[in-house]
Amino acid sequence: MARRIRRLRDEAGLAVVWIEHAVATLLRHVERVLVLHQGRKIADGAPAEVVRDAAVIEAYLGDEMEAAP
């Protein structure tokens, strides 16, 4: 499904809003990430930047990012 969404974006020039809880999958396929926590924006930017944001780590990533390479 992720490859299909990316192909639609690339080939048709579509803007895609992708709401996902499988963080690792999402980060492999997007250029920009906007993170909401309890209705408030806590981060917005490139995936590599967002996953290093302290507020994002605390709210969502925690142990998942500690195990990532």
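Being a predicted model, the structure only gives us computed values, none of them experimental.

Undergrad: Could you give an account of the overall build of the protein chain, naming the residues involved and the relevant values?
TA: If you tally the helices and strands in the protein chain, you get five helices and two strands. Overall, the protein chain shows an N-to-C arrangement of helices and strands of α-α-β-β-α-α-α. The long-range fraction of contacts in the protein chain, counting pairs at least 24 apart against all pairs at least 6 apart in sequence, stands at 13%.

Undergrad: Tell me about helix 4 (residues 54–61), residues and numbers included.
TA: Count 3.6 residues to each turn of an α-helix, and residues three or four apart come out pointing the same way. Structurally, the start of helix 4 carries an N-cap: the backbone nitrogen of Ala55 is 2.9 Å from a side-chain oxygen of Asp53. Phi turns positive one or two residues past the end of helix 4, at Gly62, with a value near 45 degrees.

Undergrad: Outline the pattern of salt bridges, listing residues and values.
TA: Pairs can form between side chains of opposite charge once their charged atoms are near each other. Under the defined criterion, the tally for this structure stands at six salt bridges. Two residues, Arg6 and Asp10, come together in a salt bridge whose shortest N-O distance is 3.9 Å. On the criterion of helical spacing, the pair formed by Arg6 and Asp10 is a turn pair, its members being four residues apart in helix 1 (residues 2–12). On the accessibility criterion, Arg6 (32% relative accessible area) is partly exposed.

Undergrad: For the environment of Ala48, give the residues involved together with the corresponding values.
TA: Along the polypeptide, Ala48 turns up in helix 3 (residues 47–50). Spatially, the C-alpha atoms of Ala48 and Glu31 are 9.6 Å apart, while their sequence positions differ by 17 residues.

Undergrad: Lay out unusual backbone geometry in plain terms, naming residues and giving numbers.
TA: The residue Gln38 is not glycine, and still its phi comes out positive at about 50 degrees. Structurally, Gln38 can be placed in the loop between strand 1 (33–37) and strand 2 (40–45).

Undergrad: Break down the nonpolar core for me, with residues and values.
TA: Counting twelve residues, the largest nonpolar core consists of Ala2, Trp18, Val23, Leu26, Val30, Val33, Val35, Ala43, Val50, Val51, Val56 and Leu61. Sorting the residues of this core by element identifies helix 2 (23–29), strand 1 and helix 4 as the ones contributing at least two each.

Undergrad: Could you give me a rundown of the environment of Pro47, with the residues and numbers involved?
TA: Residue position: Pro47 is located in helix 3. Taking the C-alpha atoms as reference points, Pro47 and Val33, separated by 14 residues in sequence, lie 5.8 Å from one another. Leave out the neighbours within four places in its chain, and Pro47 touches Leu27, Val30, Glu31, Arg32 and Val33.

Undergrad: Pulling in residues and values, what's your account of the confidence of the model for the protein chain?
TA: Averaged over all residues, the pLDDT of the protein chain is 85; the fraction at 70 or higher stands at 90%. Averaged pLDDT values for the elements of the protein chain fall to 51 in helix 5 (residues 63–67) and rise to 96 in strand 2.

Each value, and the rule that gives it
- Residues numbered from 1 in each chain as written.
- Predicted model: local features only at pLDDT ≥ 70, side-chain atom pairs only at ≥ 80, totals over all residues.
- Heavy atoms only, no water.
- Helix = DSSP H or I, 4+ residues; strand = E, 2+ residues; numbered from the N terminus.
- Contact = heavy atoms within 4.5 Å.
- Polar contact = N/O pair within 3.5 Å; in protein donor to acceptor, adjacent residues only side chain to side chain.
- Salt bridge = Lys/Arg side-chain N within 4 Å of Asp/Glu carboxyl O.
- Buried < 20%, exposed > 50% of the residue type's maximum accessible area, 1.4 Å probe, protein only.
- Core = buried A, V, L, I, M, F, W, Y, C linked by side-chain atoms within 4.5 Å.
- pLDDT = per-residue confidence, 0-100.

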